[in-house]
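Descriptive structure summary
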Amino acid sequence: MRDNKTKTYETYRKVAMNLKDECAFYIGFGNASAQMHPPENDIIAFRPDRTRSVDADETFLGNGENFDELLVWIQAKCVPLVREITFENAEELTEEGLPFLIFFHDPTDIESVKKYNQLVSGQLMDEKHNINFLTADGLKFAHPLHHLGKSAKDLPLLAIDSFRHMYLFSDMSQFEESGKVKKFIQDLQSGKLHREFHYGPDEPEEVPHTEEAPQLHDSGHPTSPPESTFKKLGPSPNRYTLLKDEL
């Protein structure tokens, strides 16, 4: 920016104060940023997290002096469509009341996280009000993987936690195929996942979209899918937050 006396600077500062917990805000004056904006014009740009996204930088094209307009634009950028679940924010995410679509990954596997972000933004935007898109460190969240019959050597994995049960996306080789994950979500919404886990596939000739885990016992009676583990990180009736070692 040109200096800290412009209306755009004041508006940007107010928005930054409102969203300081969501984004890192930076500003440059004088020679430090002279090459980054045209003379006599202030520029506001968003740079996504390069470890999670392949999106390019984006410049705000609206009125930088309009607080509401700038707030809406920055808020949409700062609160990402895909968020990382941790032991610290799990309760807050659970309180939103939406099922989780969780991408478990090795913390060193950055490329698969980028692919998941691309999948969500490219194929699942119309589901954002129905499900929370999350990533999770598969080493830290080893216990939910154990409930699914998996371990760190099986990463990456994709699962839905409905807060009643956890459902595993069966074939990660189909993870990026158009419509596969969307159908997985739709099967949750229609009750098909729950029904098939309890009573077997609706139509035997169809290829199931999820693993039947646990499998049928020798008696032929279906078993239940693994219970939700992330619901344990939600608020308790006494409003105590569950500690990490209790999961």
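Refer to the preceding data block for the structure.
Conventions we followed
- Residues numbered from 1 in each chain as written.
- Predicted model: local features only at pLDDT ≥ 70, side-chain atom pairs only at ≥ 80, totals over all residues.
- Heavy atoms only, no water.
- Core = buried A, V, L, I, M, F, W, Y, C linked by side-chain atoms within 4.5 Å.
- Buried < 20%, exposed > 50% of the residue type's maximum accessible area, 1.4 Å probe, protein only.
- Helix = DSSP H or I, 4+ residues; strand = E, 2+ residues; numbered from the N terminus.
- Disulfide = S-S within 2.5 Å.
- Salt bridge = Lys/Arg side-chain N within 4 Å of Asp/Glu carboxyl O.

Looking at the nonpolar core
- Formed by 21 residues in total, the largest nonpolar core has its most connected members in Leu-101, Tyr-116, Phe-133, Ile-160 and Val-181.
- Those elements giving two or more residues to this core turn out to be β4 (100–105), α4 (110–123), β6 (157–161), α6 (180–190) and α7 (192–199).
- In this structure, Ala-90, Phe-104, Leu-134 and Leu-157 belong to the second largest nonpolar core, which totals 19 residues.

Focus: the state of the cysteines
- This structure, assessed with the given rule, holds one disulfide.
- Here Cys-23 pairs with Cys-78 through a disulfide, and the sulfurs are 2.0 Å apart. With the S-S bond torsion at -110°, the cross-link from Cys-23 to Cys-78 turns out left-handed. Placement of Cys-23 in the loop between α1 (7–18) and β1 (45–46) and of Cys-78 in helix α2 (residues 67–78) is noted, with a sequence separation of 55 residues between them.
- By relative accessible area, which is 18% here, Cys-23 ends up buried.

Quick notes on the pattern of salt bridges
- Taken as a whole, this structure holds nine salt bridges when the rule is applied.
- Here Glu-96 and Arg-83 are joined by a salt bridge, their closest N and O atoms 2.9 Å apart. Note that Glu-96 is positioned in the loop between α3 (90–95) and β4 and Arg-83 in strand β3 (residues 82–84), a separation of 13 residues in sequence.
- As a salt-bridge pair, Lys-153 and Asp-154 come within 3.7 Å of each other at their nearest N and O atoms.
- Residue classification places Lys-153 among the exposed residues on the basis of a relative accessible area of 72%.
- With a relative accessible area of 25%, Asp-154 lands in the partly exposed category.

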